[in-house]
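Fold and geometry: a report
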Amino acid sequence: LPKVALDGAGNGFAVWSQGSAGDSTRKEVWSARFDVTTKLWAAPVNLMADPAAYAQWGDSQGPDIAMNSNGEAVVIWYQLTDTPYVPGIWARVYR
């Protein structure tokens, strides 16, 4: 399920995981920003810049988001690569 966070003005972010285009058994983490002034969502962005990286299925490894009243946000997620095998916690900060 997507996670959504809002600032004090009503601007927001949504984050979610979805099957990758090349391999639906692997998941990618995506985000999109909502602008309360235009009432539009920005185009979704894949947060996983490494093409070898993926997220596994399951809510415990899915992305999460927090946002303060000033509109600063942080997204966190659990990400893996196979060669070499590297698990890790990743984050993206928006200011």
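Being a predicted model, the structure only gives us computed values, none of them experimental. (Residues numbered from 1 in each chain as written. Predicted model: local features only at pLDDT ≥ 70, side-chain atom pairs only at ≥ 80, totals over all residues. Heavy atoms only, no water.)

With that settled, consider unusual backbone geometry. Positive phi, normally seen in glycine, also occurs at Lys39, with a value near 60°. Taking the relative accessible area as the measure of exposure, Lys39 reaches 60% and is therefore exposed. (Buried < 20%, exposed > 50% of the residue type's maximum accessible area, 1.4 Å probe, protein only.)

Okay, the sheet that holds strand S6 (residues 64-67) next. Strand order in the open sheet made by the 3 strands is S6-S7-S8, with antiparallel pairing throughout. Whereas interior strands pair on both sides, the edge strands pair on one side only; in this sheet they are S6 and strand S8 (86-94). Adjacent strand axes in the sheet meet at a mean angle of 20° when their direction is disregarded. The pairing of strand S7 (residues 73-81) with S8 spans 9 bridges and is classified as antiparallel. Along S8, the bridge assignment pairs Tyr78 with Ile89. (Pairing = 2+ DSSP bridges. Helix = DSSP H or I, 4+ residues; strand = E, 2+ residues; numbered from the N terminus. Axes fitted to C-alpha atoms, helices over the stretch in contact; angles between N-to-C directions.)

Bringing the confidence of the model for the protein into the picture now. Per-residue pLDDT for the protein averages 88, and the proportion of residues at 70 or more is 95%. For the protein, S8 is the element with the lowest average pLDDT, namely 89, and strand S4 (residues 40-41) is the one with the highest, namely 98. (pLDDT = per-residue confidence, 0-100.)

With the rule as written, the count across this model stands at 2 salt bridges. For Lys3, the salt bridge is made with Asp64, and the minimal N-O distance between the two is 3.9 Å. Linking Lys3 in strand S1 (residues 3-6) with Asp64 in strand S6, this pair joins segments that are 61 residues apart in sequence. The exposure class assigned to Lys3 is partly exposed, which follows from its relative accessible area of 33%. Between Asp82 and Arg26 there is a salt bridge, with the nearest N and O atoms lying 2.2 Å from each other. Remark: Arg26 occurs in the loop between strand S2 (12-19) and strand S3 (27-35) and Asp82 occurs in the loop between S7 and S8; sequence separation between them is 56 residues. The exposure class assigned to Asp82 is partly exposed, which follows from its relative accessible area of 35%. (Salt bridge = Lys/Arg side-chain N within 4 Å of Asp/Glu carboxyl O.)

The next point concerns the packing of aromatic side chains. For the coordinates displayed, the defined rule picks out 2 aromatic pairs. Between the aromatic rings of Phe13 and Tyr94, the centroid separation amounts to 4.4 Å while the plane-to-plane angle is 35°, which identifies the pairing as tilted. Linking Phe13 in strand S2 with Tyr94 in strand S8, this pair joins segments that are 81 residues apart in sequence. For Phe13, a relative accessible area of 2% gives the class buried. With 5.2 Å between their ring centres and 50° between their planes, Phe34 and Trp41 make a pair best called tilted. With a relative accessible area of 19%, Phe34 lands in the buried category. (Phe/Tyr/Trp six-rings, centres within 6.5 Å; stacked < 30°, edge-to-face > 60°.)

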